[in-house]
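Residue-level structure breakdown
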Amino acid sequence: MGTSRETAFEPLTGDGPPLSGPVGARAGVVRTAFEGMLQIRRLTNTGHADPERVPAQWELHRPVRAVALALEAAEVAASAVGASGERTATGYRVCEGESPGSVRVEWVGPPGSGAVHDEERALAGCVTVLSRLGWTALSYRGPRRRRFLEVEPPAAGPRAQGVRS
């Protein structure tokens, strides 16, 4: 008999093992989880004109999970890590950001994969996905001029989405 841990859905963060099993089955589970998130937004964000464009309170308590779900539901490729810790796939990596409640999104891949050359375009696509869902996603350059996003919940007032160096 399986444990609940084996059957619980977890969105891909880019730090897990490569996917195994039928891709179509995973896509259905992701779609269901994402629709559930939107339904929670509709039910809890009743004071907003467009409740689906504002993160729900549970997302603010689990921002890494919420951002990873948004990217996976948009069919953005996730990176993966092999058994010995090496990157095995090029794609997004979502982890906790530097400030509380923030999330960092990077575009990473195995050595020689060309991820560094794709990161500007790929991260711009991530900004589009996350902005549509009400997240503030700002692009930065880190060590070795590698780009990354710092993703935060929306500020109380309107806030620009853009690029910082």
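Only a predicted model underlies this, so the values are computations on that prediction, with no experimental measurement involved.

1. Considerations on the overall build of the protein chain
On a plain count of helices and strands, the protein chain comes out with 5 helices and 6 strands. Secondary structure elements in the protein chain, listed N-terminal to C-terminal, are α-α-α-α-β-β-β-β-α-β-β. Here the protein chain, with 165 residues, has 39% of them falling under the buried criterion. A sequence separation of at least 24 residues applies to 50% of the contacts in the protein chain between residues at least 6 apart. Accessible area for the protein chain stands at about 9500 Å²; split by element, carbon and sulfur atoms hold 55% of it.

2. Some details on the side chain of Glu59
By the element assignment, Glu59 lies in helix 3 (residues 57-61). By relative accessible area, which is 0% here, Glu59 ends up buried. A polar contact of 2.8 Å, which involves the side chain of Glu59, links it to the side chain of Arg41.

3. Describing unusual backbone geometry
One non-glycine residue, Glu75, lies in the positive phi region at around 65°. Take Glu75: it is sitting in the loop between helix 4 (63-73) and strand 1 (80-81). For Glu75, a relative accessible area of 73% puts it in the exposed group. Not every positive phi belongs to a glycine, and Arg144 is a case in point at roughly 60°. Look at Arg144 and you get exposed, because its relative accessible area is 78%.

4. Section: the environment of Asp15
Of note, Asp15 is situated in the loop between helix 1 (4-7) and helix 2 (23-44). Considering only alpha carbons, one finds Asp15 and Arg93, 78 residues apart in sequence, at a separation of 6.5 Å. Apart from the residues lying within four places of it in its own chain, the contact partners of Asp15 are Val81, Arg87 and Arg93. A polar atom in the side chain of Asp15 sits 2.8 Å from the side chain of Arg93.

5. Observations concerning the nonpolar core
Core analysis: the biggest nonpolar cluster contains 31 residues, and Val67, Leu71, Tyr92, Val94, Val105 and Val151 have the highest contact counts within it. Taken together, the elements giving at least two residues each to this core come down to helix 2, helix 4, strand 3 (91-96), strand 4 (103-108), helix 5 (115-132) and strand 6 (147-152). Residue contacts for Val94: discarding those within four places in its chain leaves Thr13, Val64, Val67, Ala68, Leu71, Val103, Arg104 and Val105.

6. With respect to the confidence of the model for the protein chain
A residue-level look at the protein chain finds 90% of positions with pLDDT of 70 or above and a mean pLDDT of 89. Of the regions scoring below 50 in pLDDT, residues 1-5 engages in 1 contact with residues more than four places distant in sequence or in other chains.

7. Some remarks on the packing of aromatic side chains
Enumeration according to the criterion identifies 1 aromatic pair in this entry. Ring geometry for Tyr140 against Phe148: centres 5.7 Å apart, planes inclined by 25°, an arrangement best described as stacked. A relative accessible area of 24% means that Tyr140 is categorised as partly exposed. For Phe148, a relative accessible area of 9% gives the class buried. The residue whose ring lies beneath Arg104 is Phe148, and the NZ or CZ to ring-centre distance is 3.6 Å.

Conventions we followed
Residues numbered from 1 in each chain as written. Predicted model: local features only at pLDDT ≥ 70, side-chain atom pairs only at ≥ 80, totals over all residues. Heavy atoms only, no water. Helix = DSSP H or I, 4+ residues; strand = E, 2+ residues; numbered from the N terminus. Buried < 20%, exposed > 50% of the residue type's maximum accessible area, 1.4 Å probe, protein only. Contact = heavy atoms within 4.5 Å. Areas by Shrake-Rupley, 256 points an atom, 1.4 Å probe, with all protein chains shown as cover. Polar contact = N/O pair within 3.5 Å; in protein donor to acceptor, adjacent residues only side chain to side chain. Core = buried A, V, L, I, M, F, W, Y, C linked by side-chain atoms within 4.5 Å. pLDDT = per-residue confidence, 0-100. Phe/Tyr/Trp six-rings, centres within 6.5 Å; stacked < 30°, edge-to-face > 60°. Lys NZ or Arg CZ within 6 Å of the ring centre and 35° of its normal.

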